[in-house]
There are 6 protein chains.
Amino acid sequence: MRPSGRAPDEMRAITIETGFTKHAEGSCLISFGDTRVLCTASVENSVPPWMRNKGRGWVTGEYSMLPRATHTRGSREAARGKQSGRTQEIQRLIGRSLRAVVDLEKLGERQITLDCDVLQADGGTRTASISGAWVALRLAVNSLLASGTLKADPITAKVAAVSCGIHQGTPVLDLDYIEDSNADADANFVLIEGGQIAEAQATAEGATYDEEGLLRLLRLAQMGCGEIFRAQEAAVR
Amino acid sequence: MRPSGRAPDEMRAITIETGFTKHAEGSCLISFGDTRVLCTASVENSVPPWMRNKGRGWVTGEYSMLPRATHTRGSREAARGKQSGRTQEIQRLIGRSLRAVVDLEKLGERQITLDCDVLQADGGTRTASISGAWVALRLAVNSLLASGTLKADPITAKVAAVSCGIHQGTPVLDLDYIEDSNADADANFVLIEGGQIAEAQATAEGATYDEEGLLRLLRLAQMGCGEIFRAQEAAVR
Amino acid sequence: MRPSGRAPDEMRAITIETGFTKHAEGSCLISFGDTRVLCTASVENSVPPWMRNKGRGWVTGEYSMLPRATHTRGSREAARGKQSGRTQEIQRLIGRSLRAVVDLEKLGERQITLDCDVLQADGGTRTASISGAWVALRLAVNSLLASGTLKADPITAKVAAVSCGIHQGTPVLDLDYIEDSNADADANFVLIEGGQIAEAQATAEGATYDEEGLLRLLRLAQMGCGEIFRAQEAAVR
Amino acid sequence: MRPSGRAPDEMRAITIETGFTKHAEGSCLISFGDTRVLCTASVENSVPPWMRNKGRGWVTGEYSMLPRATHTRGSREAARGKQSGRTQEIQRLIGRSLRAVVDLEKLGERQITLDCDVLQADGGTRTASISGAWVALRLAVNSLLASGTLKADPITAKVAAVSCGIHQGTPVLDLDYIEDSNADADANFVLIEGGQIAEAQATAEGATYDEEGLLRLLRLAQMGCGEIFRAQEAAVR
Amino acid sequence: MRPSGRAPDEMRAITIETGFTKHAEGSCLISFGDTRVLCTASVENSVPPWMRNKGRGWVTGEYSMLPRATHTRGSREAARGKQSGRTQEIQRLIGRSLRAVVDLEKLGERQITLDCDVLQADGGTRTASISGAWVALRLAVNSLLASGTLKADPITAKVAAVSCGIHQGTPVLDLDYIEDSNADADANFVLIEGGQIAEAQATAEGATYDEEGLLRLLRLAQMGCGEIFRAQEAAVR
Amino acid sequence: MRPSGRAPDEMRAITIETGFTKHAEGSCLISFGDTRVLCTASVENSVPPWMRNKGRGWVTGEYSMLPRATHTRGSREAARGKQSGRTQEIQRLIGRSLRAVVDLEKLGERQITLDCDVLQADGGTRTASISGAWVALRLAVNSLLASGTLKADPITAKVAAVSCGIHQGTPVLDLDYIEDSNADADANFVLIEGGQIAEAQATAEGATYDEEGLLRLLRLAQMGCGEIFRAQEAAVR
């Protein structure tokens, strides 16, 4: 039995509120249950210096938790003067995941930054971030297409992410904070609509796992991402 | 005529949504028109080292803008590795303003941190932060009173803040971003319910001003804060 | 009765020793009683990148206290690796105050940096800094005019600053360290010769104050700045 | 055909020179072909503050590349003043991987730090680091057992890591730099002797991959780690 | 012929103004010609953590140049966020030099920090700093002896420092900025009254030098330090 | 009697293994007894911004100790976020020493960086670094001459460095860690083949020393460097 009463392959409620902020070219507030992340897409008409004059664009991600997104207040990274290893790891994952579904040549020499700011955390903040970032990116690209700035759509597919883990011996989907704190294994999958994998990361925490365990987690992730793809579709339609 | 069509002494719509996040002891999302700030109050049962064993508590503020709260994306202070002078100035102002209405001895040896994170900016983010922080503080203290942790209420009054300025020769209340960018003088007043001043800051931008100008700005602020006090009262009742 | 025996509207002795250092284009050592600040003006023939090719110049301020300017030694900001919020707040105030009396277009594409280094502190270091910085600036601009580098004088007026406060119920002028530590309200006014206000900042410390209190502080500041204007005039003549 | 002429499931030559430095409690220079990493294990008789008085120890990893370990010189992280996201990600992985085979209670209140410094890089530096760190750890623990400091062996198994990837459509084992730069997918597996998985990370670079691809990479990793386990055994015997 | 017209073994005028600041336990403004350094000694009744409970004290030095002490303005180290290698090298030299004449056991568990802040630079700032720091230290220790805090004098001798160099083939004493910029060799000697050497540093700049050159520089330094010892004696008497 | 049983004028065994890493234009692993330093020379076809368009090159040094090069593990400078004063002092010395034997005009507009990474420390790491850096530089320049990139050899002579000190009253050559920890005086000499001095640094630790002592240390250094010059010659031939 999961602490939340959910079935092992049951996602939390997914909600996506688009246009949550007015300045960004694309934005949404995505919720996986009590985890809520504000995702914005910002378009700049230039690329970082090391990419200039190659006719290609860039997509990157940034991630942060508000200090009191969590049960106990964490110190502010800006005050500490540096981003933690965890933050940097997640930022790199967000950027790689979104670039997996963007044709950077079609994007042209512009950069889109996906800011994922966690307003409230209850497990799965990085997977909600990736899933919401795609929505913000889609909306921003839509407006570039509508204005004629882009002639061809650089987005090749949907991308979504979900966590799974082994909790008290059972593989479960979309862990909340309580499950996450006690899981024997903790995995994050970034999947592309159509069945391909962009990223798989599975870490043993208390107990290790085997090939069979890895496959069972991957199959749960495929179910979860199917549900997220439907929510993304509804949000951007 | 103001760009927004408002009368010189007219505030933007004020909304205060309490309980916006579930982990904080007190929280609200406050809006002054399109300016939206998430304010949370976090209670810790200890004080900073330099205050220990004095039988008194501490109230402090932190402030940040999400990178895309503004028209063009700003870089993240955590990524730059330091907080700007502007951020630090605002943080210090938030802390001082709230401490002006708290009896630190009644609070006992605990610290309350007021985090003000600007989700969307349209002028007046520091004054909305202070006004919302009071609501978050009030809610957090209410729960400490309800649980019996505090025996006597350490909050002595309401505190609110509002900006005013001289725009095209006319003193106006609660500047939005367009007015703020073109004001000849820019002032922020932090007022205490009942008529006292906690803080007055008035800066000449294009043109300087005189004693009469300062008084007219103060009187606008008194009107504006009156309205904020009523919204705070409604929010916490 | 003030600890120093001064009357409520009595400034400390003001001395301004010009040419205190030989390399700077303008310099002075200003004293407000035991508060002593070395102010230098450095002219550079370029402006920061974000201001280039606009035909306008820039005036900026920097501020620091020597570690043992104070009663007990403070750690060196260069050793800590960052400037405190207080330092940054004061630096921003110095820059704004001086820019209030400079026509940046007449200055042309050059930057003048006003360094204010506190050799000894006894209250009022920021106001002495602003008052001395004007003298250093005046001397530097005089040399640019004398050499023909500048054709027209970009300085439009004198600017001076003074602190006031409410000490044991009485509004007093130019607080020294002992008064400053015990004041109920603490204000800094930056005034322009002729009666205009460049900046007013008044903070309640122990007790709050009202409109009448604010006006009384402003009037003391007008008296104090009058005296500083005379000292500045004598120094640069 | 692989650029190196190796078969798809062929590792590069593995060499492990133990006792490479004399001060560390355990050390080795491990080579996977031209990738050479100096691994040292340092024992401290205390744990970080957040772990004290729990009767448990800690194992952590640090990682760095010498500036000219690579084809073109990289700047020194100590000179830049911060560790890159990549470095932090690898450090966290090294620590987690080694902790997967250590019983922290048997270790007692002491910390073992595994420093992995890459002297020369040719692909697979993180996997060589983990594999060599186990040898350094084993040697350090052996000396703690020999001296009677530890009564029971806290190491529960061997751990090793290897990279695999899809190169020109073919899954290959132990990528060198040339292959790594052109791989469609890049994976790192951390395996425990006996068949369990401690960590699986697979990232699509150019093309994405599917479940079948993930399994084929895992099977190559199992072959590669088998070979590393034998080299580790020979080194520590 | 030296640019200044001085004889090869002629020092610049030395002046030492004691009591330049009122808060420090000892202070002086020392000038070697146009080089002017404010030296203060601050006594703290504790030592750094790594020295505690050993019954010994510590003497340390800090050094900084005001931004416009030099011909062209340098950026402020506090603003850059770190101290330069040059600053750190000089700080370490100041501390070592003063510790060479202090019996740390007689000092007891207290620390004296010697702050050397260069108000104006014209060559030889580090040697003026060391020479002035001794005066500040002597005055601070005198007051500790006078108050009975110290029973026995921990200062064992005078210490002074001077620069020498080879300028256009001629060994010269006490280089000013113009000479220093063109010297073939640049040396700093820290000497103890009575003839012993605390520190010798001689660096070839354009041309290298030989044993004979090193000895000639040392003899010039002995002459120069003799003169500084007399100035120190006069200042503290 | 020296702890190592060496005669006062006896160096430790010197070994130089060239080509230790394959990517650098020049590299060696140099040992002075148990002190082992990896030195690499990296050629870049540009110079730092402040040197551009002057037709001259630059030679610079960087230095680091691996965390467990020493008896007890030191924290990593990259993790602490800054280089220590000691590291910066040594880096500056390495750069100056090598520039003393390079004709920067013949080098043309390119920079050679000499990285000295201490793999194992047992006293004398800075002198082994300088001596090994010359070998790496020589090898890198040889390859630039062989490829025709350079037409004329910019290296004018050999440079080597060695430490000496006064240990229990006796001047000794090439101190190991035990001697270094107990020496009364500690000196480093950088000498140029043929008899000239590039740098002399002699510091009193416990006891001070006199002119005679300085000369005796210099003569030991001349003997030691003679031996190093022969080892360098054998290594690069």
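Residues numbered from 1 in each chain as written. Chains lettered and ligands numbered in written order. Predicted model: local features only at pLDDT ≥ 70, side-chain atom pairs only at ≥ 80, totals over all residues. Heavy atoms only, no water.

Asker: Could you give an account of helix α4 (residues 125-146) of chain E, with specific residues and numbers?
Answerer: Residues and elements named next belong to chain E. With 22 residues, α4 should cover 32 Å at 1.5 Å per step; its first-to-last C-alpha distance of 31 Å lies within 8% of that length. α4 sits mainly inside the fold: 17 of its 22 residues count as buried. Two residues or fewer after α4 comes Gly148, characterised by a positive phi angle close to 85°. (Helix = DSSP H or I, 4+ residues; strand = E, 2+ residues; numbered from the N terminus. Expected span 1.5 Å × (residues − 1). Buried < 20%, exposed > 50% of the residue type's maximum accessible area, 1.4 Å probe, protein only.)

Asker: Hey, could you go over the interface of chain B and chain A for me, with residue numbers and the actual values?
Answerer: Taken together, the contact between chain B and chain A spans 38 residues of the former and 38 residues of the latter. Counting the surface lost from both chain B and chain A, the interface buries some 2900 Å², and carbon and sulfur atoms represent 49% of this. Looking at the side of chain B facing chain A, the largest losses of area belong to His23(B), Arg68(B) and Arg76(B), adding up to 26% of the total buried there. Linking chain B with chain A are 14 salt bridges, by the criterion used here. Between Arg76(A) and Glu62(B) there is a salt bridge, and its shortest N-O distance comes to 2.9 Å. (Contact = heavy atoms within 4.5 Å. Buried area = accessible area lost by both parts, 1.4 Å probe. Salt bridge = Lys/Arg side-chain N within 4 Å of Asp/Glu carboxyl O.)

Asker: A description of the UniProt feature "binding site: phosphate" (unreviewed entry) in chain A should follow, citing residues and the corresponding values.
Answerer: Residues and elements named next belong to chain A. Mapped onto this structure's residue numbering, the UniProt feature "binding site: phosphate" (unreviewed entry) falls at Arg86, Gly124, Thr125 and Arg126. For the residues just named, distributed over 41 residues, the greatest C-alpha separation is only 13.4 Å, placing them together at one site. In this structure, Gly124 sits in the loop between β5 (111-120) and α4 (125-146). When neighbours within four sequence positions are excluded, Gly124 is seen to be in contact with Arg12, Thr35 and Leu175. Examined against the element boundaries, Arg126 turns out to sit in helix α4. Other than its neighbours up to four places away in sequence, Arg126 contacts Arg86, Ile90, Leu93, Asn188 and Gln201. (UniProt positions renumbered as here; feature names shortened; annotations may be inferred.)

Asker: Describe in detail the arrangement of the chains, supporting the description with residues and values.
Answerer: Here chain C and chain D are not in contact; the least distance found between their C-alpha atoms is 11 Å. Across all C-alpha pairs, the smallest distance from chain B to chain F is 11 Å, and the two are not in contact.

Asker: Explain the side chain of Gln83(D) to me, using residue names and the numbers behind them.
Answerer: Among the secondary structure elements, Gln83(D) is positioned in the loop between α1 (77-80) and α2 (85-99). Its relative accessible area of 10% is what places Gln83(D) among the buried residues. One polar contact links Gln83(D) to Gln91(D), side chain to side chain, over a distance of 3.4 Å. Ignoring any residue separated from it by four or fewer positions in sequence, one finds Gln83(D) in contact with Gln88(A), Glu77(D), Gln88(D), Gln91(D), Arg76(F), Ala78(F) and Ala79(F). (Polar contact = N/O pair within 3.5 Å; in protein donor to acceptor, adjacent residues only side chain to side chain.)

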